[in-house]
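Coordinate inspection notes
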Amino acid sequence: GLLLHRQRGDLQEAEAGDDEQEWAAWEAKVRVPTVYDPPQKKVDSFGSCGKLPPSCAQCATNALNDCFFCPLRTPCPCVVPCVRCCCYSGLGLQVGSLESPDDWFKAMLAREHAKCPDEFKGIWWMKDNVVAEGLFTLQDGDWGSPDFVKKTTKYNWTVDPTNAWGVALTGHFWTKGGELHFARSPSKKWMQITMIAEDWHFVYIIQPGDVLRRPDGTIVEVTPGEDLLRVSYTSRDSNDEGSIAYQYIARRVAFLDAGGSLVKTRGYEELLQAARESKTCNRGRVPNHIEIEQAFTLAPEMQGSSVAPEMQSMLSPTA
């Protein structure tokens, strides 16, 4: 629940009564997002956290693009691959291309916890996330119940492999543990994400009939069961649309069908197009920040997870 899982820090379910009451009180106050306007995609927010005048914010945005996200404009282009090779050589890191993802998609999907609900299975794209993270899975996490999972970003959580921010994230995941707790509300409409000491990050689970619009009134296409809405507020108690600090769509791009065959969704085609457009950096705007190649470490065997026999050969990581 909102506080109990965070305070106890284990995989036990919170006491049902307290859990439901706390969630009910929070949901009674929160406004379900109806506007899709990611603050991090705005130049003044991305480059300066909204604290600099527009001209300075533009310079800050260009500097971040050049130094952290654009491999060809990093002051010393050889630094990123050297750091990744020399410092992370023992982590089982692999690099896969979104142009030909079938083998490594299947490998990411090979592990599945018995308690993971079907609606959270698959590979998810962090669309409009601007910090060099690309794809993730939840099904391989440590599910204490169908409503609670402990997930580590060490495994099956991809980053850009050739820019400074991507390589920094890898270091952060492995030195800080990269542990996230996802707790779903009794209404099944929200999930709270707890990371380190922060508890104001949420996922809104798109419901049938929901309409999400851009500020200009145009409708954002979202599909229940295929899209999740990530929302971070300025604090846990500030939960209206005016206090949204970060926002993006998590879109399912692939899953395994009942026969174990890989199915790529329409979202995959959109992801591939976004990655192709991100090959070059465009000054003056916040780019997509999703590279054609993605770096990741496959999930190891965990208690409660299973692997299909035909997937065993895919789970031999290369350094």
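Residues numbered from 1 in each chain as written. Predicted model: local features only at pLDDT ≥ 70, side-chain atom pairs only at ≥ 80, totals over all residues. Heavy atoms only, no water.

**Considering helix H7 (residues 164–176)**
Just so we agree on the cut-off: In DSSP terms, a helix is any run of H or I states spanning at least four residues, a strand is any run of E spanning at least two, and both are numbered starting from the N terminus. A helix is expected to span 1.5 Å for every residue after the first. Summary of the burial criterion: residues with accessible area below 20% of their type's maximum are buried, those above 50% are exposed, and those between are partly exposed, where the area comes from a 1.4 Å probe applied to protein chains only.
Along its 13 residues, H7 runs 18 Å from first to last C-alpha, staying within 8% of the 18 Å computed at 1.5 Å per residue. Turning to H7, its buried residues are Ala 164, Gly 166, Val 167, Leu 169, Thr 170, Gly 171 and Phe 173. Within two residues after H7, Gly 177 carries a phi angle of roughly 95°, on the positive side.

**Digging into the nonpolar core**
Using the following cut-off: Residues belong to one nonpolar core when they are buried, are Ala, Val, Leu, Ile, Met, Phe, Trp, Tyr or Cys, and are joined through side-chain atoms within 4.5 Å.
In this structure, Phe 120, Trp 190, Leu 229 and Tyr 233 are the most contacted members of the largest nonpolar core, which totals 41 residues. Take this core: its biggest share by element is five residues, from strand E14 (residues 244–256). Trp 104, Ile 123, Val 253 and Ala 254 belong to the second largest nonpolar core, which has 21 residues in total.

**A word on the environment of Ile 249**
Stated formally: By definition, residues are in contact when any of their heavy atoms lie within 4.5 Å.
Topologically, Ile 249 is positioned in strand E14. As for Ile 249 and Val 231, which are separated by 18 residues in sequence, their C-alpha atoms are 8.9 Å apart. Those residues in contact with Ile 249, other than ones at most four positions away along the chain, are Tyr 36, Trp 125, Met 126, Lys 127, Val 220, Val 222, Asp 227, Leu 228 and Leu 229.

**A word on helix H8 (residues 266–277)**
What counts, and what does not: To obtain the arc, one takes the directions from the helix axis to the C-beta atoms. Pairs of N or O atoms are called polar contacts if they sit within 3.5 Å, as long as, within protein, a hydrogen donor faces a hydrogen acceptor (for residues adjacent in sequence, only side-chain-to-side-chain pairs).
If you check H8, its first and last C-alpha atoms are 17 Å apart, about what 12 residues at 1.5 Å a residue would give, namely 16 Å. What H8 keeps buried is the set Gly 267, Tyr 268, Leu 271, Leu 272, Ala 274 and Ala 275. Seen end-on, H8 carries its buried residues on one side only, within an arc spanning 165°. Lining the buried residues of H8 we find helix H6 (102–108), strand E3 (123–127), strand E4 (133–137), E14 and strand E15 (262–264). Residue Thr 265 occupies the N-cap position of H8, its side-chain oxygen lying 3.1 Å from the main-chain nitrogen of Gly 267.

**Things to note about the pattern of salt bridges**
Our working definition: Salt bridges are identified by distance alone: a Lys or Arg side-chain nitrogen within 4 Å of an Asp or Glu carboxyl oxygen.
This structure, assessed with the given rule, holds 14 salt bridges. As a salt-bridge pair, Glu 112 and Lys 121 come within 3.0 Å of each other at their nearest N and O atoms. Taking the shortest distance from any N to any O, the salt bridge between Lys 127 and Glu 270 comes out at 2.9 Å. Residue Lys 127 is found in strand E3, and its partner Glu 270 is found in helix H8; the two are separated by 143 residues along the sequence. Assessed through its relative accessible area of 17%, Lys 127 is described here as buried. Its relative accessible area of 30% is what places Glu 270 among the partly exposed residues. Through salt bridges with shared partners, a single network forms among Glu 119, Asp 147, Arg 184 and Lys 188.

**Points about the confidence of the model for the protein chain**
Keep this limit in mind: Across the chain, each position has a pLDDT score giving the predictor's confidence in that residue, from 0 to 100.
Per-residue pLDDT for the protein chain has a mean of 80; in total, 68% of the residues score no lower than 70. In the predicted structure, residues 3–16 sits below a pLDDT of 50 and forms 29 contacts with residues beyond four places in sequence or in another chain. A low-confidence stretch, residues 46–50 (pLDDT under 50), is modelled with 16 contacts involving residues beyond four sequence positions or located in other chains.

**Section: unusual backbone geometry**
For Asn 156, which is not a glycine, the phi torsion comes out positive at approximately 50°. With respect to the element layout, Asn 156 can be found in the loop between strand E6 (148–152) and strand E7 (157–159). Residue classification places Asn 156 among the buried positions, given a relative accessible area of 1%. Even without a glycine there, the phi angle at Lys 188 is positive, about 70°. In this fold, Lys 188 is placed in the loop between strand E8 (179–184) and strand E9 (190–195). Judged by its relative accessible area of 35%, Lys 188 falls in the partly exposed class.

**Points about the side chain of Gln 294**
Of note, Gln 294 is situated in strand E16 (residues 293–297). Accessibility expressed as a relative area gives 0% for Gln 294, which makes it buried. A polar contact is formed between the side chain of Gln 294 and the side chain of Asp 160, at a distance of 2.9 Å. In this structure the side chain of Gln 294 is engaged in a polar contact, spanning 3.1 Å, whose partner is the backbone oxygen of Glu 291. Apart from the residues within four sequence positions on either side, Gln 294 is in contact with Gln 94, Val 95, Gly 96, Leu 98, Trp 104, Gly 134, Leu 135, Thr 158, Val 159, Asp 160 and Pro 161.

**Quick notes on the packing of aromatic side chains**
Just so we agree on the cut-off: Side-chain rings of Phe, Tyr and Trp (the six-membered ring for Trp) are treated as a pair once their centres are within 6.5 Å; stacked means planes under 30 degrees apart, edge-to-face means over 60, and tilted covers the remaining angles. Whether a charge lies above a ring is judged from NZ of Lys or CZ of Arg, which has to be within 6 Å of the ring centre and within 35 degrees of the ring normal.
Across all of its chains, the model carries 14 aromatic pairs by this definition. Taken together, a centroid distance of 4.9 Å and an interplanar angle of 75° make the contact between Trp 104 and Phe 105 edge-to-face. A centroid spacing of 5.0 Å and a plane angle of 20° characterise the contact between Trp 104 and Phe 296, whose relative ring orientation is stacked. Remark: Phe 296 occurs in strand E16 and Trp 104 occurs in helix H6; sequence separation between them is 192 residues. By the ring-pair criterion, three or more aromatic residues cluster together here, those being Trp 23, Trp 26, Trp 190, Phe 202, Tyr 204 and Tyr 233. Sitting over the face of the ring of Tyr 268, Lys 264 holds its NZ or CZ atom 5.4 Å from the ring centroid.

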